[in-house]
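Structural description and commentary
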Amino acid sequence: MKFRDGMWMVAEGMRVEYAEEVYEITETEKGLSLLCPSKKIRGRGDTLNTSTLTVDIEAPYDGIISVEATHWAGAPRKGPDFDLFPDGPPKFEPKVTRSDKGTTLSSGSVSATISSEEHNFGIQFHNTDGPKKVLTSLAPRSVGLAYNPAPSNPLQTGDMRDFRHYIFTQTNLGVGESVHGLGERFGAFNKVGQSVALWNADGGTSSDQAYKNVSFWLSSRGYGVFIDTPARVELEIGSERACRAQTSVEGQRLKWYLIYGPTPKEVLYRYSVLTGRPNRVPSWSYGLWLTTSFTTNYDDATVSSFLEGMKERDTQVDVFHYDCFWMKGFRWTDFVFDSEKFPDPKAQIARLKASGLVNKVCVWINPYIAQHGAAFREAADKGYLLRRRSDGGVWQWDLWQAGMGLLDVTNPAAVAWYVACLEELFDKGVDCIKTDFGERIPTLDVEWFDKSVDPHKMHNYYAFWYNKIVYEALQKRYGATEAVLFARAACAGSQRFPLVWGGDCESTAEAMAESVRGGLGLGLCGFSYWSNDIGGFEGSPAPWIYKRWVAFGLLCSHSRLHGSSSYRVPWTVDGDDKSEDGCSRTLARWAALKTRLMPYLAAQGARAAARGLPLSLRAACLEFPEDPTAWYLDRQFLVGDALMAAPVFDEDGVVDFYLPRGRWTCFFTNRVRHGPGWFRERHRGFGSLPLYVRDGSLLLLGRPGIRGVVYDYAADVEVCVYGAAAGVSADLVDSSGADVGTIRVAADGGALEGTEMLKGGWTRSDDGRKLEDESFLETIEWL
């Protein structure tokens, strides 16, 4: 939302009032409170008939400072609120100092200094852990309030029913500063120059809407900002004023936290302390997921034929997913299998697992309860559904499901009922849940069971509540680290309930690139695990698109084949081409590669979750923040901290990619490149893409030929040493996620320490790995 028309004029219909000076500073228990009038006070008379903004600055945790701007403090504070510091509030003592330059509140490694200049408003945020560096600032006329329409007389504001009221702040953007994150957004990776609205929407991957709006952004200058409200937030990032990032909300208060690094990894760690760390995922979830697709025809026989066909083509499916039509049409979600298509689902699921065709089973749900489903009448009669404020009836509409209602997640009885429905699915053998939808949450003429919540805040926050309910039900049944979701909607804090996928993308190269950008941005918001629909969701992918997407998808933390109106089993895409470059062999090869990478992926995933980092897709700027180019790379990503991957988006197999400073070894050929620099390759086959190992890495690979991703990660491994410098190490976990130990290059730079934990015939390879397939030396061309 823009409040001005260029530099000199206020936007039409707006009245804007700014904090013009810091009139008074009061020290509080947690920090400082600033009284800021909207005009400069040069005499007693200036204190009359003028508005003020209160700016409260607090230090809740080392490296974090909060800023809250308030106009009218008597406005109600309705929930829901983000669940901050979920592991318990930290004990921290802020420090206040005064000098002739101003008043400073210090929060460990970061401080805020309020200018002492008379009749001035200015706050600088700077580090205190080394030579002073200004991170950002609130300069003159950077904090304010606005009315729309503009009142012509102050008496009009006595009745605010015909006015909208906003609070905004504008933090300074430095020269060359870039801004990233704000959830899973599919446009340009750097948000400077963009107008962004944080409002969950079911808009696909090719618009400015997002399923996962996360009110956090990461700056290239060593800090991040978390906006502490699930309400709609409007941002003008260098788009109203080119040198400022403006944040605005409708209401009387705006609070945000400045989170210092100085590295982006440290920013994300502190952000994860504030909003919650991702839980670990079970090892089986890293394997290949296959689905029925959406509107395709499927039944017992279809499911069995898919899984048998995958086995015949040498691809292990670890998780099979039943999409929406496991229930009858017009009945979603009523938790009842379509008896005509699936007459005995419990027996079928048990049979599939016993045969080894699949390890786990997932089913689709959403929080909507269709009028024609078996669950509706009970839910409506017992008050489990959201109600209309005007007449007290159930809120319903015909968008998506005819006459559907919405689960009232604020009603404890409704939650208990919903969980009981889920438990019946668990009794049938369902192991994980795809929690689809949760974006189109109504805000007008609705009343929640909990009257203390604001319907507008519930719109975004519903995703957190919905996924938390299902995730905790899975934890209760299967164990604290065995729960897995496949969720679409999210907000800040939802990273605690893994995992998420990227929503409805088209079957095009452009949509694959959109998905990469979305995954990169979400990873910079503390989400460790992410997936997407391999081959694209909408439409039918051309064989080359499918195969290039398979390569990309199997290098994501989680990998799922899923479509809308067409299947994604490989033989339906290319007429069952059985050649080495056919879809089936391509899928088998990439699934086998991911299986071999499991000792690395499982350990890296555990470390990523503990630090609030993405496993994959990991933006290059997290590993190489001092490289300016790394902040603009949106067509490539890291898998953990050692592997750089660049998907192929062109049919001719040509791809441009960047390698930061250092020595990099091609995973497929052991050929070496030296960064920094841009490189071009042609991948004539579909079994490769630019995949480079960073020097100074130990890469642990499982034995070739293992089927399924759950195995003994310490047995028969190949320890690949890339740059045998002393101290280079790799963690090892077992298939349950428990720590086994660390393998490390000894102080002499040669021998390996910790190998006693390895089993069987483990081997060591230096400056590369043992190549089972040397054909890549011919099919990968350096251009």
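Notes on the structure in this doc start here. (Residues numbered from 1 in each chain as written. Predicted model: local features only at pLDDT ≥ 70, side-chain atom pairs only at ≥ 80, totals over all residues. Heavy atoms only, no water.)

**Some thoughts on the overall build of the protein**
The number of helices and strands found in the protein is 12 helices and 45 strands. Since a compact globule built from 783 residues should have a radius of gyration of about 28 Å, the 27 Å found for the protein is in line with a globular shape. When its C-alpha atoms are laid out on the principal axes, the protein stretches across 85 × 70 × 45 Å. In the protein, which comprises 783 residues, the share counted as buried stands at 61%. Sequence-distant contacts, at least 24 apart, represent 69% of the contacts inside the protein between residues at least 6 apart. (Helix = DSSP H or I, 4+ residues; strand = E, 2+ residues; numbered from the N terminus. Rg over C-alpha atoms; globule rule 2.2 N^0.38 Å. Buried < 20%, exposed > 50% of the residue type's maximum accessible area, 1.4 Å probe, protein only. Contact = heavy atoms within 4.5 Å.)

**Let's talk about the pairing of strand β40 (residues 718-722)**
With 5 of 5 residues buried, β40 is to be regarded as a mostly interior element. Of the two faces of β40, both are covered, the one formed by E718, C720 and Y722 as well as the one formed by V719 and V721. As paired elements, strand β39 (residues 697-701) and β40 share 5 bridges and run antiparallel to each other. Across the sheet, the residue bridging to L698 is V721, located in β40. Where β40 meets strand β44 (residues 763-766), 4 bridges bridge the pair, whose relative direction is parallel. Following the sheet pairing, V719 is matched in β44 by R764. (Pairing = 2+ DSSP bridges.)

**Topic: the packing of aromatic side chains**
Taken as a whole and judged by the stated rule, the model has 52 aromatic pairs. The interplanar angle of 55 degrees and the centroid separation of 6.2 Å between the aromatic rings of Y61 and F85 together place this pair among those described as tilted. Of the two residues, Y61 sits in strand β6 (residues 52-61) while F85 sits in the loop between β7 (64-70) and β8 (95-99), which places them 24 residues apart along the sequence. Accessibility expressed as a relative area gives 13% for F85, which makes it buried. Considering the side-chain rings of Y384 and W417, the 5.5 Å spacing of their centres and the 35 degrees angle between planes classify their relative orientation as tilted. Taken as a pair, Y384 in the loop between α4 (376-381) and β26 (387-388) and W417 in helix α5 (residues 412-427) lie far apart in primary sequence, 33 residues in all. One exposure class covers both Y384 and W417, and it is buried. Every member of this aromatic cluster is reached through a ring pair, and the members are F82, F216, F226, Y257, Y271, Y461, F464, W465, Y471 and F497. Over the aromatic face of Y269 sits the side chain of R611, whose NZ or CZ is 4.0 Å from the ring centroid. (Phe/Tyr/Trp six-rings, centres within 6.5 Å; stacked < 30°, edge-to-face > 60°. Lys NZ or Arg CZ within 6 Å of the ring centre and 35° of its normal.)

**Focus on the sheet that holds strand β41 (residues 729-733)**
Spatially, the 3 strands line up as an open sheet ordered β41-β42-β43, and their pairing is antiparallel. Both edges of this open sheet fall to β41 and β43 (752-753), since each of them pairs with a single strand only. For strand β42 (residues 739-745) and β43, the ladder comprises 2 bridges, and the chain directions are antiparallel. Paired with R744 across the bridge in β43 is E753.

**A look at the sheet that holds strand β32 (residues 533-534)**
Spatially, 6 strands are ordered β28-β24-β23-β22-β33-β32 in an open sheet, and the strand pairing comes out parallel. Only two strands of the sheet have a single partner each, and these edge strands are β28 (432-435) and β32. Strand direction decides the pairing type here: strand β22 (residues 288-291) and strand β23 (residues 319-322), joined by 3 bridges, are parallel. Note that in β23 the partner of L290 across the bridge is F320.

**Some details on empty space enclosed by the protein**
Using the criterion set out here, one finds 4 cavities of 30 Å³ or more in the structure. When its volume is computed, the largest cavity comes out at roughly 50 Å³. Around the largest cavity, the lining residues are F82, L198, N213, V214, S215, T229, P230, A231, N460 and C491. Surrounding the second largest cavity, F82, D83, L84, F226, T275, Y461, F464, A492, G493 and R496 form its lining. Looking at side-chain class alone, the lining of the second largest cavity contains 6 nonpolar, 2 polar and 2 charged residues. (1 Å grid on protein atoms, 1.4 Å probe; cavity = no way out; pocket = protein on both sides within 12 Å on 5 of 7 lines; lining within 4 Å. Points joined across faces, edges and corners; volume = space filled by probe spheres on them. Nonpolar A, V, L, I, M, F, W, Y, C, P; charged D, E, K, R; others polar.)

**What to know about the environment of V550**
Turning to its location among the elements, V550 is positioned in helix α8 (residues 543-553). Not counting the four nearest positions on each side in its chain, V550 is found in contact with I534, T586, L587 and W590.

**What to know about helix α6 (residues 455-478)**
Taking 1.5 Å of rise per residue, 24 residues should cover 34 Å, and α6 covers 33 Å from first to last C-alpha, within 8% of that figure. At Y461, α6 shows its maximal kink, close to 55 degrees. You can read the cap of α6 off the contacts: a side-chain oxygen lies 2.9 Å from the backbone nitrogen of H456, and it is on D454. Two residues or fewer past α6, G479 is found with a positive phi of approximately 120 degrees. (Expected span 1.5 Å × (residues − 1). Bend = angle between axes of the 7 residues up to and from the residue. Polar contact = N/O pair within 3.5 Å; in protein donor to acceptor, adjacent residues only side chain to side chain.)

**Digging into the layout of surface pockets**
Empty space among the atoms becomes apparent when a probe as large as a water molecule is rolled across them. Each pocket or cavity is described by its volume, and for the largest pocket that value is around 1,600 Å³. Lining the largest pocket we find 41 residues, and of these E250, G251, D454, H456 and K457 sit closest to its centre. Of all elements in the fold, only β14 (164-172), β20 (244-250), β21 (253-260), β29 (446-447) and α6 reach the threshold of two or more residues within the lining of the largest pocket. In the lining of the largest pocket, the residues fall into 16 nonpolar, 7 polar and 18 charged. Within this model, the second largest pocket holds a volume of roughly 670 Å³. In terms of residue count, helix α9 (residues 583-596) provides more of the lining of the second largest pocket than any other element does, 10 residues in total. For the lining of the second largest pocket, the per-class residue count stands at 13 nonpolar, 7 polar and 12 charged.

**Quick word on a nonpolar patch on the surface**
Taken together, the side chains of M7, W8 and M9 define a hydrophobic patch exposed on the protein surface, amounting to about 430 Å² of accessible area. Residue position: M9 is located in strand β2 (residues 9-10). (Patch = residues over 30% accessible without salt bridge, like charges linked within 9 Å, V, L, I, M, F, W, Y side chains within 5 Å. Areas by Shrake-Rupley, 256 points an atom, 1.4 Å probe, with all protein chains shown as cover. Salt bridge = Lys/Arg side-chain N within 4 Å of Asp/Glu carboxyl O.)

**Section: the side chain of S531**
Its location among the elements puts S531 in strand β31 (residues 530-531). Assessed through its relative accessible area of 0%, S531 is described here as buried. A distance of 2.8 Å separates the side chain of S531 from the backbone oxygen of H558, its partner in a polar contact. Each residue touching S531, except ones within four places of it in the same chain, is listed here: F486, L499, V500, W501, G502, H558, S559 and R560.

Scope: geometric values only; no functional claims are made or implied.
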